[in-house]
Amino acid sequence: MIRRLLLVRHGVTTWNREGRFQGRLDPPLDPAGVVEARALADRLVRESAGELLLVSSPLSRAAQTAAILAEALAADGRPLAVRLEPGLVEIGQGEWEGHTHAELKARDPGRYRAWASSGGLREPPGAEPVHAAADRAASAVLRLLAKTDAPDTACCVAHGGVLRLAAGRLTGMSDEDSWRLDVDNASLSVLSRVDGTWRIDRWNDTSHLRDDLRAEDRRGEGSPRAL
């Protein structure tokens, strides 16, 4: 039975740095994102023991990150396959995918202001509603946790939006409250199950990253941050 859940956001992409809405579009990790994923992989090897179930969103920025984790674990004598889970894809951002904050402020100012003033809870035009995304992501994680033949620890590699919502549903937070949680690139969050109840032991830990990488990742994404 899975008693420990590791939540990993993918490494940084060029679009993250540009504040460009990614959603279901599929930019890869940039070179710094690969460095971040390797730093996280080294930490995972040091701090985890035994068998691990590794699950990833199929979008390339997450799948690349998961593959780097798997490679490091294999080198440590723990070979494993990455299982792709469509339910962990990022929240679709509709008509805004591929556009930056600056472009949207100029081209769609009314709807952009409404989105920003809601803290990002009001979805962009044509986007997946936050509550629907929470249902989807939570269902994917619960299916994973229901596996009776799984090892003690599972690791989900995915995206900031779906990870915060899934963690919130698992621990009993409202979607509105969990939406306010920060989830930085290549961050590690840890949840554990105690007496049938899930709790957050560590959230948005980036201590394995160099200071210059952490600062660079947050440039451009705006507030609320582009997904």
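Residues numbered from 1 in each chain as written. Predicted model: local features only at pLDDT ≥ 70, side-chain atom pairs only at ≥ 80, totals over all residues. Heavy atoms only, no water.

Engineer: I'd like a description of the overall build of the protein, backed by residues and values.
Structural biologist: The helix and strand inventory of the protein stands at nine helices and six strands. A globule of 227 residues ought to have a C-alpha radius of gyration of about 17 Å, and the protein, at 17 Å, matches this closely. Based on the C-alpha atoms only, the size of the protein along its principal axes is roughly 50 × 35 × 25 Å. By the burial criterion, 56% of the 227 residues in the protein qualify as buried. Sequence-distant contacts, at least 24 apart, represent 75% of the contacts inside the protein between residues at least 6 apart. On the protein, roughly 9700 Å² of surface is accessible, and the fraction owed to carbon and sulfur atoms is 51%. For the protein, the centre of its 31 positive side-chain charges and the centre of its 33 negative side-chain charges are spaced 1 Å apart. (Helix = DSSP H or I, 4+ residues; strand = E, 2+ residues; numbered from the N terminus. Rg over C-alpha atoms; globule rule 2.2 N^0.38 Å. Buried < 20%, exposed > 50% of the residue type's maximum accessible area, 1.4 Å probe, protein only. Contact = heavy atoms within 4.5 Å. Areas by Shrake-Rupley, 256 points an atom, 1.4 Å probe, with all protein chains shown as cover. Lys, Arg positive; Asp, Glu negative; His and termini not counted. Charge placed at Lys NZ, Arg CZ, Asp CG, Glu CD.)

Engineer: Residues and numbers for the nonpolar core, please.
Structural biologist: One finds Ile2, Leu5 and Leu144 to be the most contacted residues of the largest nonpolar core, which totals 30 residues. Among the elements of the structure, β1 (4-9), β2 (52-56), α6 (130-145), β4 (153-158) and α7 (160-171) are those that each provide at least two residues to this core. Take this core: its biggest share by element is eight residues, from α6. Ranked by size, the runner-up nonpolar core spans 21 residues in total, among them Leu40, Leu52, Cys155 and Val190. (Core = buried A, V, L, I, M, F, W, Y, C linked by side-chain atoms within 4.5 Å.)

Engineer: Could you give me a rundown of the packing of aromatic side chains, with the residues and numbers involved?
Structural biologist: Here the structure, examined in full by the defined rule, presents five aromatic pairs. Each ring, one from Phe21 and one from Trp96, has its centre 5.7 Å from the other, and the planes form 70°; the classification is edge-to-face. Here the residue Phe21 occupies a position in the loop between α1 (14-18) and α2 (31-47), and Trp96 occupies one in the loop between β3 (82-84) and α4 (101-107), the gap between them amounting to 75 residues. Using a relative accessible area of 1% as the deciding quantity, one classes Trp96 as buried. (Phe/Tyr/Trp six-rings, centres within 6.5 Å; stacked < 30°, edge-to-face > 60°.)

Engineer: Give a description of the pattern of salt bridges that names residues and reports values.
Structural biologist: All chains considered together, the criterion is met by 21 salt bridges. Glu128 serves as the salt-bridge partner of Arg136, at 2.9 Å between the closest nitrogen and oxygen. Its relative accessible area of 19% is what places Arg136 among the buried residues. For Glu128, a relative accessible area of 16% gives the class buried. The structure contains a network of salt bridges with shared partners spanning Arg43, Glu47, Arg202 and Asp205. (Salt bridge = Lys/Arg side-chain N within 4 Å of Asp/Glu carboxyl O.)

Engineer: Describe the sheet that holds strand β6 (residues 197-205), with residues and values.
Structural biologist: Taken in spatial order, the six strands make up an open sheet running β3-β2-β4-β1-β5-β6, and their pairing is mixed. Because the sheet does not close on itself, it has two edges, and the strands there are β3 and β6. Along the sheet, successive strands turn relative to each other by an average axial angle of 20°, direction set aside. For β2 and β4, the ladder comprises five bridges, and the chain directions are parallel. In the sheet register, Leu52 faces β4, and the bridge partner there is Thr153. Running at roughly 150° to β6, α7 makes contact with β1, β4, β5 (188-194) and β6 of the sheet. (Pairing = 2+ DSSP bridges. Axes fitted to C-alpha atoms, helices over the stretch in contact; angles between N-to-C directions.)

Engineer: Break down the side chain of Thr153 for me, with residues and values.
Structural biologist: Summarising the element assignment, Thr153 is placed in strand β4. With sequence-adjacent residues up to four places away left out, Thr153 is seen in contact with Arg4, Leu6, Glu51, Leu52 and Leu53.

Engineer: So what's going on with the state of the cysteines? Residues and values would help.
Structural biologist: Per the stated rule, a full pass over the model turns up zero disulfides. Here Cys155 stays unpaired: no disulfide links it, and the sulfur of Cys156, its closest cysteine neighbor, is 6.9 Å away. Cys156 gets classed as buried once you look at its relative accessible area, which sits at 1%. (Disulfide = S-S within 2.5 Å.)

Engineer: Outline unusual backbone geometry, supporting the account with residue identities and numerical values.
Structural biologist: Of note, the phi angle at Ala186 is positive, near 60°, even though the residue is not glycine. Assignment of secondary structure puts Ala186 in the loop between α8 (175-179) and β5.

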